Amino acid sequence: MKTRNIIALILLVLICGLAAMYLRPDFKEKECEHNFYLSDYLAATAAENGYNEYTCLNCGETYRETIPALGEKSGETEEESMQEFTRTLPLLSLPAYSSSDSAAISHVYYKAEVMDIGGWKHEDCYEICCSESKNEPSYRRWELGGDYAEVSGTIYMRQGASTSYWLEFYDGEQIIFTTPRVSKESPSAEFSFDVTGVEYLTMYGWRDGSTGSWIIADNIYITTAE
């Protein structure tokens, strides 16, 4: 009986302590360090708004950014208006067919800023993970279905990075394009290449050294075939 009373007393003290902590006016739960990714999207039309929906990998919080309706030009049908506005799409925002992991491409939360080696701040951008090992490549693959014509974009060195980085693009097992390398000497690289007839496009990120894993892309764009 005495042992039961002691155990009950200990439990009561623990419960009272926890209750007192949560009821303190200055108590705050630890804030989540959000890591948002594009989890859903709806394309805008000439008449209707669309949206991009982002979800935090850590806590599940979501938010949506509205894509305004495209509108129509005088004398232009909705179909013609849609064709003009949807010819160029953000490749990094498109749903992936497969990926090495969720961190291969990270959407930087729209309030965050990432600084490149030249001191410029990039908001609402993407960080692309670059691997040094062929055994553990960092990649993302998209199903294009032969419906696209060109990929173009610019990559940037992150501040504090000290090696060289580049991207390789494959059509199946065949390499079709390698970007110029970015380094301290060449901190950004603009590129474009043809993807006509490509069914599955895979992008690999590579780096020379063991320090620093990420490069910046405001986005990489893909243009639909005519």
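In this report, the structure presented in the accompanying data block is examined. (Residues numbered from 1 in each chain as written. Predicted model: local features only at pLDDT ≥ 70, side-chain atom pairs only at ≥ 80, totals over all residues. Heavy atoms only, no water.)

Moving on to the overall build of the protein chain. Looking only at helices and strands, the protein chain features two helices and 17 strands. Here the protein chain holds 226 residues, and the buried ones make up 34% of them. Roughly 13800 Å² of accessible area belongs to the protein chain as shown, and the carbon and sulfur atoms make up 50% of that amount. (Helix = DSSP H or I, 4+ residues; strand = E, 2+ residues; numbered from the N terminus. Buried < 20%, exposed > 50% of the residue type's maximum accessible area, 1.4 Å probe, protein only. Areas by Shrake-Rupley, 256 points an atom, 1.4 Å probe, with all protein chains shown as cover.)

Core analysis: the largest hydrophobic core is formed by 30 residues, its most contacted members being Leu92, Trp142, Val151, Leu201, Met203 and Ile220. Elements with a contribution of two residues or more to this core: β9 (126-129), β11 (148-157), β12 (165-171), β14 (188-194), β15 (200-207), β16 (214-217) and β17 (220-224). Among the elements that line this core, the one with the most residues is β11, at four residues. Apart from the residues within four sequence positions on either side, Val151 is in contact with Leu91, Phe191, Ser192, Phe193, Val195, Leu201, Ile220, Tyr221 and Ile222. (Core = buried A, V, L, I, M, F, W, Y, C linked by side-chain atoms within 4.5 Å. Contact = heavy atoms within 4.5 Å.)

Here the focus is the packing of aromatic side chains. In total, this model carries nine aromatic pairs according to the counting rule given. With a centroid separation of 4.6 Å and an interplanar angle of 10 degrees, the aromatic rings of Phe177 and Phe193 are classed as stacked. Taken as a pair, Phe177 in strand β13 (residues 174-178) and Phe193 in strand β14 lie far apart in primary sequence, 16 residues in all. We classify Phe193 as buried; its relative accessible area is 6%. Ring-pair connections join several aromatic residues into one group, and the members of that group are Tyr139, Tyr170, Tyr204 and Trp206. The ring of Trp166 is capped by Arg181, whose NZ or CZ atom sits 3.6 Å from the centre of that ring. (Phe/Tyr/Trp six-rings, centres within 6.5 Å; stacked < 30°, edge-to-face > 60°. Lys NZ or Arg CZ within 6 Å of the ring centre and 35° of its normal.)

Let us now look at the environment of Glu61. On the secondary structure map, Glu61 appears in the loop between β2 (50-56) and β3 (62-67). Since its relative accessible area comes to 37%, Glu61 is described here as partly exposed. Through-space distance from the C-alpha of Glu61 to that of Cys32 is 9.4 Å; in sequence the pair is 29 residues apart. In this view, Glu61 contacts His34, Phe36, Tyr54, Thr55 and Cys56; residues no more than four positions away in its chain are not counted.

The next subject is unusual backbone geometry. With phi around 50 degrees, Asp124 is a residue other than glycine that occupies positive phi space. Along the chain, the position of Asp124 falls in the loop between β8 (121-123) and β9. Its relative accessible area of 33% is what places Asp124 among the partly exposed residues.

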